[in-house]
Amino acid sequence: RALRAFEKQPQMARLINVLVMSNDPLAAGILDRLNQSTTDAYMQALAGIDPTRARRMIDVINAVFGSLVREWSQGRITIGEVRDRIDSAVSLVVGD
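Remember, it's a predicted structure, so these values are computed and weren't measured experimentally.

**Q** Can you help me understand the side chain of N17 in this one?
**A** Turning to its location among the elements, N17 is positioned in helix α2 (residues 10–21). A residue is classified by how much of its surface remains accessible, and N17, at 15% relative accessible area, is buried. Those residues in contact with N17 that lie beyond four places of it in its chain are R70, S73 and Q74.

Here it is in C-alpha cells:
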C-alpha cells in the first residue's frame, strides 16, 4: 500500500529524500512521526509474532523499502523492480 501511495504521488518520495538529507530538527521530527506511525501499523499486522522479532523484521523491510523508493524517485530503477525487490526482501525476512 505504501508503495502505491508513492507511485500515485512521486513528489512525496522526493520530498522524503530531501527531509532525510536535512539536518533541520523540524525535518527530523517529521520523519520520526512518519516512521512511528508506519511502524505502529506494521506491528499491528505482525501481532502474532514476538514483538522484538517483529520490530527487527520491520527495521529490515523499512531499510530496503526506503532505499528502493529513493532509487526509483531518482529514476534509477523502475517501479516494477521496486515491487520485485520488496517481494524478495519480504520473502527472505518473513519466509515463504
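After that view, the rundown keeps rolling.
**Q** Help me understand the packing of helix α3 (residues 25–45) against helix α4 (residues 51–73) in this model?
**A** Two quantities define a packed helix pair, namely the angle between the axes and the distance from one axis to the other. Between α3 and α4, the shortest axis-to-axis distance is 10 Å and the interhelical angle comes to 125°. Between α3 and α4, the crossing angle belongs to the class labelled oblique. At the point where α3 passes α4, the crossing takes the right-handed sense. Together, N35, T39, Y42 and M43 of α3 and P51, A54, R55, I58 and N62 of α4 make up the contact between the two elements. The residue makeup of the contact of α3 with α4, split by class, is 5 nonpolar, 3 polar and 1 charged.

**Q** Just checking my understanding: could you explain the pattern of salt bridges for this structure?
**A** Pairing between side chains of opposite charge can happen when the charged atoms of each approach one another. In this structure the tally under the stated criterion is 3 salt bridges. In this structure, E81 and R85 form a salt bridge, with 3.9 Å as the shortest nitrogen-oxygen distance. Taken together, the residues span about one helical turn, with E81 and R85 both in helix α5 (residues 79–94) at a distance of 4 residues.

**Q** I tried to follow the nonpolar core on my own but got confused; where do I start?
**A** Proteins that are soluble and globular tend to have nonpolar side chains buried together. Among the nonpolar cores identified, the biggest contains 11 residues, and these are L3, F6, A13, F65, L68, V69, W72, I77, I79, V82 and I86. Elements that contribute at least two residues to this core include exactly α1 (2–8), α4 and α5. In terms of residue count, α4 provides more of this core than any other element does, 4 residues in total. Those residues in contact with V82 that lie beyond four places of it in its chain are L3, L68, W72 and I77.

**Q** How do you make sense of the layout of surface pockets when you look at a structure like this?
**A** Where empty space is left in the structure can be found by rolling a water-sized probe over the atoms. Here the largest pocket defines a volume of roughly 730 Å³. As for the largest pocket, its lining consists of 27 residues, and the residues nearest its centre are F6, I16, L34, T38 and F65. Counting residues per element, the lining of the largest pocket draws most heavily on α3, which supplies 8 residues. Of the residues assigned to the lining of the largest pocket, the class counts are 16 nonpolar, 7 polar and 4 charged. Taken as a whole, the second largest pocket holds about 500 Å³ of empty space. Lining the second largest pocket are 18 residues, and of these R1, Y42, I61, I86 and V90 sit closest to its centre. Those elements that place two or more of their residues in the lining of the second largest pocket are α1, α3, α4 and α5.

Conventions and cut-offs
- Residues numbered from 1 in each chain as written.
- Predicted model: local features only at pLDDT ≥ 70, side-chain atom pairs only at ≥ 80, totals over all residues.
- Heavy atoms only, no water.
- Helix = DSSP H or I, 4+ residues; strand = E, 2+ residues; numbered from the N terminus.
- Buried < 20%, exposed > 50% of the residue type's maximum accessible area, 1.4 Å probe, protein only.
- Contact = heavy atoms within 4.5 Å.
- Axes fitted to C-alpha atoms, helices over the stretch in contact; angles between N-to-C directions.
- Parallel < 35°, antiparallel > 145°, perpendicular 65-115°, else oblique.
- Left-handed = near helix turned anticlockwise from the far one by under 90°.
- Nonpolar A, V, L, I, M, F, W, Y, C, P; charged D, E, K, R; others polar.
- Salt bridge = Lys/Arg side-chain N within 4 Å of Asp/Glu carboxyl O.
- Core = buried A, V, L, I, M, F, W, Y, C linked by side-chain atoms within 4.5 Å.
- 1 Å grid on protein atoms, 1.4 Å probe; cavity = no way out; pocket = protein on both sides within 12 Å on 5 of 7 lines; lining within 4 Å.
- Points joined across faces, edges and corners; volume = space filled by probe spheres on them.

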